[in-house]
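Letter by letter, the chains look like this.
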Amino acid sequence: MNVSGTIHPPGDKSITHRALLLAALAPGESTIRGALSAADTRRTAHVLRKLGVRVSPLRRGATVRIRGGTWRAPAETLHCGNSGTTARLLLGLLAARRFTVRLTGDASLRRRPMRRITEPLGRMGATIWEENGDHLPLRIRGGRLVSLEWTSPVASGQVKTALLFAGLAGGARVVVREPVRSRDHTERLLLALKCPLSIDGTTVVLERGARRLPPLALTVPGDVSSAAFLVAAALLAEAGELTVAGVGVNPTRTGFLRVLERMRARVTRRGLRDEAGEPVADLAVRPSALQATQVAAEEIPSLIDEVPVLAILAGRAVGETVFRGVGELRVKESDRLSLLAANLRAVGIGADVVGDDLVVRGGGAPPRGRVETGGDHRVAMAFAALGTVADARVALSERDSPAVSYPEFFRDLRRIGGR
Ligand code: S3P
């Protein structure tokens, strides 16, 4: 494939969820530009509407308007679809509401752990009734919240955000410590909204009695996690240059770009600017001869959603790449760890899971084989990018899952290759 032109990835998924939920908390009308319009973020809008919040339709290019403030008890179970971020962040806000809500999700979401959130929320004063142990469905009734100091065993932007949201909605002091710093979009948003928040290394403190949130007026940057698949296709191309424009390059999200640098990928950041407290740049990408690398466990939180795409790139690099400490991938939208190794092998690339590490042996013939995506959007998009390699023949078991985070993905993949 020859790549050319400029492409804009869709809005950042993490920031869109956070912006919608914070806007729902803030009395008055908030406006969000550049919001991601995809199945996951539409789920957040959907559950907020069920809670009595007015949210205008999420359409690509349209400004979303939200009338927040008052919430009411929903008449039915709230269905979070495939979206772990919807379920977990919403739990934080519901912990401060004096009504009972039942939450569920699709089969994938119903396999994902929830106690990492519900246990600390229970300590703050929320009541949780489990129906299926650590998993959805569950019911939550908010209460009068007390302060919390929590050391999370996992570095998770979702855990941290849910607890900060509970403190914000319930007027309680919250301290969250993480083993490694996870994505910090929530901290940036709360600081921009003048909340009494401080950050010291891997500890975040939200002081008690944050004032009422003002309405938000925000522009969401492009999603680096979605951009990553286009970057990968351009690196694997034979010739040309691709610009992926308006990409959020927050350092807590760009471990992917740091690893690519070590792999000798030719990616340049241009026009670095600040948009609503987030750094944004254009990425210029040229086809590259990639080298294997070692990815340390401490780097993983900054590239957690990019392991699938880095793994396929490692499959085309010279040498053996090791991703250390990627056990969290077992509880993503699929068991991504097993699925990645199995699919790499299915297309002729050497791969093994050793404990919590993923080992990929790169090089060799063009990838050929059938990929079982497990309905996981990031697995599907990573292997679709691999399928653009010259003489590759990669068949995906389904092509619907990218709608979760990047509905225009296949169209954009064709566009960058001029087809
Ligand atoms: C997210 C955090 C990450 C990431 C997910 C979105 C967020 O999950 O994998 O896609 O928006 O905070 P964890 O917090 O479970 O690591």
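Residues numbered from 1 in each chain as written. Predicted model: local features only at pLDDT ≥ 70, side-chain atom pairs only at ≥ 80, totals over all residues. Heavy atoms only, no water.

K.L.:
Lay out the layout of surface pockets in plain terms, naming residues and giving numbers.
P.N.:
Quantified by volume, the largest pocket comes out at close to 570 Å³. Along the wall of the largest pocket there are 36 residues; nearest its centre are Ala155, Ser156, Ile304, Glu328 and Lys332. Split by residue class, the lining of the largest pocket holds ten nonpolar, eleven polar and 15 charged. What the second largest pocket holds in volume is close to 320 Å³. Together, 16 residues line the second largest pocket, and Ala384, Gly387, Thr388, Arg399 and Leu413 are the ones closest to its centre. Those elements giving two or more residues to the lining of the second largest pocket turn out to be helix H11 (377-386), strand S24 (393-396) and helix H12 (409-416). (1 Å grid on protein atoms, 1.4 Å probe; cavity = no way out; pocket = protein on both sides within 12 Å on 5 of 7 lines; lining within 4 Å. Points joined across faces, edges and corners; volume = space filled by probe spheres on them. Nonpolar A, V, L, I, M, F, W, Y, C, P; charged D, E, K, R; others polar. Helix = DSSP H or I, 4+ residues; strand = E, 2+ residues; numbered from the N terminus.)

K.L.:
How would you summarise empty space enclosed by the protein if you had to cite specific residues and measurements?
P.N.:
In this structure the tally under the stated criterion is one cavity of 30 Å³ or more. Lining the largest cavity are Ile15, His185, Arg188, Leu189, Leu218, Thr219, Val220, Pro221, Glu275, Ala276 and Glu278. Considering only residue class, the lining of the largest cavity consists of six nonpolar, two polar and three charged.

K.L.:
So what about the site of the ligand? Which residues, and what values?
P.N.:
Contacts to the ligand come from Ser14, Arg18, Thr85, Arg88, Ser156, Gly157, Gln158, Arg183, Ile304, Asp305 and Lys332. For the ligand, an oxygen atom lies 2.7 Å from a polar atom in the side chain of Ser14. In isolation the ligand has 380 Å² of accessible area, and contact with the protein removes 96% of it. Here the ligand occupies the largest pocket. Of all elements in the fold, only helix H1 (13-25), helix H3 (84-94) and helix H5 (157-170) reach the threshold of two or more residues within the shell around the ligand. Of the residues that constitute the shell around the ligand, the class distribution is one nonpolar, five polar and five charged. (Near = heavy atom within 4 Å. Polar contact = N/O pair within 3.5 Å; in protein donor to acceptor, adjacent residues only side chain to side chain. Areas by Shrake-Rupley, 256 points an atom, 1.4 Å probe, with all protein chains shown as cover. Sits in = over half its atoms within 2 Å of the grid points.)

K.L.:
Help me get a handle on the pairing of strand S3 (residues 28-33), residues and values and all.
P.N.:
Examined bridge by bridge, S3 and strand S5 (residues 64-68) share five bridges and lie antiparallel to one another. Following the sheet pairing, Glu29 is matched in S5 by Arg67. Pairing between S3 and strand S14 (residues 217-219): three bridges, direction parallel. In the strand pairing of S14, Thr31 is matched with Ala217. (Pairing = 2+ DSSP bridges.)

K.L.:
Tell me about the pattern of salt bridges, and please be specific about residues and values.
P.N.:
Summed over the entire model, instances satisfying the criterion amount to 32 salt bridges. Measuring nitrogen to oxygen at the nearest pair gives 2.8 Å for the salt bridge that ties Glu131 to Arg102. Placement of the pair is Glu131 in strand S8 (residues 127-132) and Arg102 in strand S7 (residues 100-104), with a sequence separation of 29 residues. When its relative accessible area of 43% is taken as the criterion, Glu131 is described as partly exposed. (Salt bridge = Lys/Arg side-chain N within 4 Å of Asp/Glu carboxyl O. Buried < 20%, exposed > 50% of the residue type's maximum accessible area, 1.4 Å probe, protein only.)

K.L.:
Requested: an account of the environment of Arg262, with residues and values cited.
P.N.:
With respect to the helices, strands and loops of the structure, Arg262 is situated in helix H8 (residues 255-262). For the pair Arg262 and Leu90, spaced 172 residues apart in sequence, the C-alpha separation works out to 38 Å. Apart from the residues within four sequence positions on either side, Arg262 is in contact with Thr293, Gln294, Val295 and Glu299. Here Gln294 takes part through its backbone oxygen, which lies 2.7 Å from a polar atom of the side chain of Arg262. (Contact = heavy atoms within 4.5 Å.)

K.L.:
So what's going on with the environment of Thr6? Residues and values would help.
P.N.:
As for its position among the elements, Thr6 is in strand S2 (residues 6-7). What makes Thr6 exposed here is its relative accessible area of 55%. Spatially, the C-alpha atoms of Thr6 and Asp412 are 10 Å apart, while their sequence positions differ by 406 residues. With sequence-adjacent residues up to four places away left out, Thr6 is seen in contact with Thr243 and Ala245.

By themselves these figures say nothing about function.
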